[in-house]
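An overview of the molecular structure
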Amino acid sequence: MPRSSGLLSQPSTSKASRNRADPSSSQQRTPPNQQNGDTDDVDHDQLVINLVKVILNLSVNKHPIKKVDLVKNALGGNSRLFPKVIPQAMSELTDVYGYKLIETDRNKTFILVSTVTCGSILDISEDYRRKYTLLYLILGYIFMKSGEVPEQGLWDFLAKLNITDEGEHNFFGNVRKLITETFLKQAYLIRKKQVVEGMNDDRYFFVWGARAEHELCKKDILESICKLMGKPSICYIAQHTAAYGISDDGEDATQN
């Protein structure tokens, strides 16, 4: 499972990202004969450039990218071109920009994940660091609770840390908006409904989203939490197995 590092990635501020073009400009350069399905005369390299630029632009807010939007904005609406150019576009994103394009299991959508290791939390902007400190707490709590927590249970946990959704938090800002909008839209969290037998009302649970699975290192989360608690990670068998894996003979797979 690819990950950039134990730190959550943020939108790149590199020269490459500053030179990203507007999606509309990529679309304007798309050869008109794409609409007719005539791919013989299409400039393959230009299509790859178009697709890369559109992917970079649509990923700025870290929301999942719909395949239909890529086809529309980069390939002139010709979906038959997509499988012909996406492999090279993915290579370009990795080799030139340091990103990996990952297809999620959510109905033909993609997320763009950084492959560049962030050496220090000081490399992250102050605003970003504040927001994603909250996210790290939430994802860590969900992980230690075996992968899902009731919505009310999450709020109760945060309340114990004096983090509430009442007004603006002096460090994190609008906590409710971050959790119920920002982190959900960015695919760090999934809020799912479950019908609980014997209860009249449906209950909602939070679990890790696709971006969290690819950007966060479960080993780092487990070891950080255990360090705070003064306990070895092996004390939490389920979490240790999820983070490190167990070989067929029962040994820690990372030691083989």
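Structure first, text after, so check above.
This text gives an overview of the structure that appears in the document. Source: prediction; values computed, not measured.

Thoughts on the sheet that holds strand 3 (residues 109-114)
Strand order across the open sheet formed by 3 strands is 1-3-2, with antiparallel pairing between neighbours. Each of the sheet's edge strands pairs with one partner strand only, and the pair in question is strand 1 (65-66) and strand 2 (99-103). Where strand 2 meets strand 3, 5 bridges bridge the pair, whose relative direction is antiparallel. Bridging across to strand 3, Leu101 finds its partner in Leu112.

A few points about the sheet that holds strand 6 (residues 203-208)
Within a beta sheet, neighbouring strands are joined by backbone hydrogen bonds and run either parallel or antiparallel to one another. The strand order across the open sheet built from 3 strands is 4-6-5, with neighbouring strands paired in antiparallel fashion. Looking at which strands have only one partner, the edges of the open sheet turn out to be strand 4 (148-150) and strand 5 (189-194). For this sheet, the mean angle separating the axes of adjacent strands, direction not counted, is 30 degrees. Bridging between strand 4 and strand 6 involves 3 bridges; their strand directions are antiparallel. Bridging across to strand 6, Pro150 finds its partner in Phe205. Each of strand 4, strand 5 and strand 6 touches helix 6 (residues 126-144); the most contacted strand, strand 6, lies at about 105 degrees to it.

Examining the pairing of strand 6
As defined by bridge partners, strand 5 adjoins strand 6 across 6 bridges and the pair is classed as antiparallel. Paired with Arg191 across the strands is Phe206, a residue of strand 6.

What counts as what
Residues numbered from 1 in each chain as written. Predicted model: local features only at pLDDT ≥ 70, side-chain atom pairs only at ≥ 80, totals over all residues. Heavy atoms only, no water. Pairing = 2+ DSSP bridges. Helix = DSSP H or I, 4+ residues; strand = E, 2+ residues; numbered from the N terminus. Axes fitted to C-alpha atoms, helices over the stretch in contact; angles between N-to-C directions. Contact = heavy atoms within 4.5 Å.

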